[in-house]
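Read off the chains here:
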Amino acid sequence: MAAALRPAILRHLRIPAQAQSLTVDPSAPILSSFMNRIRSMSSHGDEHLTHEEVVDRVIDVVKSYPKVDPSKVTPQVHFQKDLGLDSLDTVEIVMALEEEFKLEIPDKEADKIDSCPLAIEYISNHPMAA
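Residues numbered from 1 in each chain as written. Predicted model: local features only at pLDDT ≥ 70, side-chain atom pairs only at ≥ 80, totals over all residues. Heavy atoms only, no water.

Enquirer: How should I be thinking about a nonpolar patch on the surface in this particular structure?
Expert: On the surface, a cluster of nonpolar side chains totalling about 290 Å² of accessible area is made up of Leu88, Val91 and Met95. For Leu88, a relative accessible area of 52% corresponds to the exposed category. (Patch = residues over 30% accessible without salt bridge, like charges linked within 9 Å, V, L, I, M, F, W, Y side chains within 5 Å. Areas by Shrake-Rupley, 256 points an atom, 1.4 Å probe, with all protein chains shown as cover. Salt bridge = Lys/Arg side-chain N within 4 Å of Asp/Glu carboxyl O. Buried < 20%, exposed > 50% of the residue type's maximum accessible area, 1.4 Å probe, protein only.)

Below you can see the structure in the form of structure tokens.
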């Protein structure tokens, strides 16, 4: 019912818009204050991580895991094949990555992350990684 009601209400609330030229003074205090507020509300605007930052931080997280020999960790390392970790260790590393990057990785996606390349790819493509 709500789905049918919404278009009917919106149809009555529409306001015809006419093209008008608008001259704006960018130095106006109201406009600059407004633009700063918009930027500050952005959840991931200019703060998105570079690929290199993601690689470095993922490697640091994996190296800091107690069962890992830090000398074996590279950007291409597989958690089980190369580091000898079991599935529980892999889950703990993924949880540490969530904490490091302030993300919540859904279980379905977390189950797929079993190597540094997959972790790096997921985090690099996540818009909310911080």
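Enquirer: I'm lost on the side chain of Thr90 in this one. Help?
Expert: Mapping Thr90 onto the fold places it in helix α4 (residues 87–101). Residue contacts for Thr90: discarding those within four places in its chain leaves Phe79, Gln80, Ile113 and Asp114. (Helix = DSSP H or I, 4+ residues; strand = E, 2+ residues; numbered from the N terminus. Contact = heavy atoms within 4.5 Å.)

Enquirer: Whenever I open this one, the nonpolar core confuses me. Can you help?
Expert: Note on soluble globular proteins: their nonpolar side chains tend to be buried together. In terms of nonpolar packing, the biggest core is built from 28 residues, with Val58, Val62, Phe79, Leu83, Leu97, Phe101 and Ile123 touching the most fellow members. Mapped onto this core, the elements with two or more residues apiece are α3 (51–63), α4 and α6 (116–125). Ranked by residue count, the leading element in this core is α3, at six residues. Here Val62 is in contact with Val68, Val73, Phe79, Leu83, Ile93 and Cys116, once residues within four sequence places are set aside. (Core = buried A, V, L, I, M, F, W, Y, C linked by side-chain atoms within 4.5 Å.)

Enquirer: Could you clarify how one ought to interpret the packing of α3 against α4 in this entry?
Expert: In a pair of packed helices, the angle between the axes and the distance between the axes together describe the arrangement. Running from amino to carboxyl end, α3 crosses α4 at an angle of 135°, the nearest separation of the two axes being 10 Å. When the interaxial angle is binned, α3 and α4 end up oblique. The two elements α3 and α4 cross, and the hand of that crossing is right-handed. Of α4, the residues touching α3 (which contributes Val54, Arg57, Val58, Val61 and Val62) are Ile93, Ala96, Leu97, Glu100 and Phe101. Among the residues making up the contact of α3 with α4, the classes are represented as eight nonpolar, no polar and two charged. (Axes fitted to C-alpha atoms, helices over the stretch in contact; angles between N-to-C directions. Parallel < 35°, antiparallel > 145°, perpendicular 65-115°, else oblique. Left-handed = near helix turned anticlockwise from the far one by under 90°. Nonpolar A, V, L, I, M, F, W, Y, C, P; charged D, E, K, R; others polar.)

Enquirer: What exactly am I supposed to notice about the environment of Leu118 here?
Expert: Along the chain, Leu118 turns up in helix α6. Measuring from C-alpha to C-alpha, the distance between Leu118 and Val77 comes to 9.9 Å, with 41 residues separating the pair along the chain. Once residues within four sequence positions are removed from consideration, Leu118 is found in contact with Lys112 and Ile113.

Enquirer: Is there a simple way to think about unusual backbone geometry in this case?
Expert: For residues besides glycine, phi is generally negative; the peptide bonds are generally trans as well. Positioned with a positive phi, Lys102 is a non-glycine residue whose angle comes to about 55°. Residue position: Lys102 is located in the loop between α4 and α5 (107–110).

Enquirer: Is there a simple way to explain the packing of α3 against α6 in this structure?
Expert: Following both chains from N to C, one finds α3 and α6 inclined at 135°, their axes separated by 9 Å at the closest point. By the angle class used here, α3 and α6 are oblique. Crossing handedness for the pair α3 and α6: right-handed. Across from His51, Val54, Val55, Val58 and Val62 in α3, the residues of α6 making contact are Cys116, Ala119, Ile120, Ile123 and Ser124. A per-class count over the contact of α3 with α6 returns eight nonpolar, two polar and no charged.

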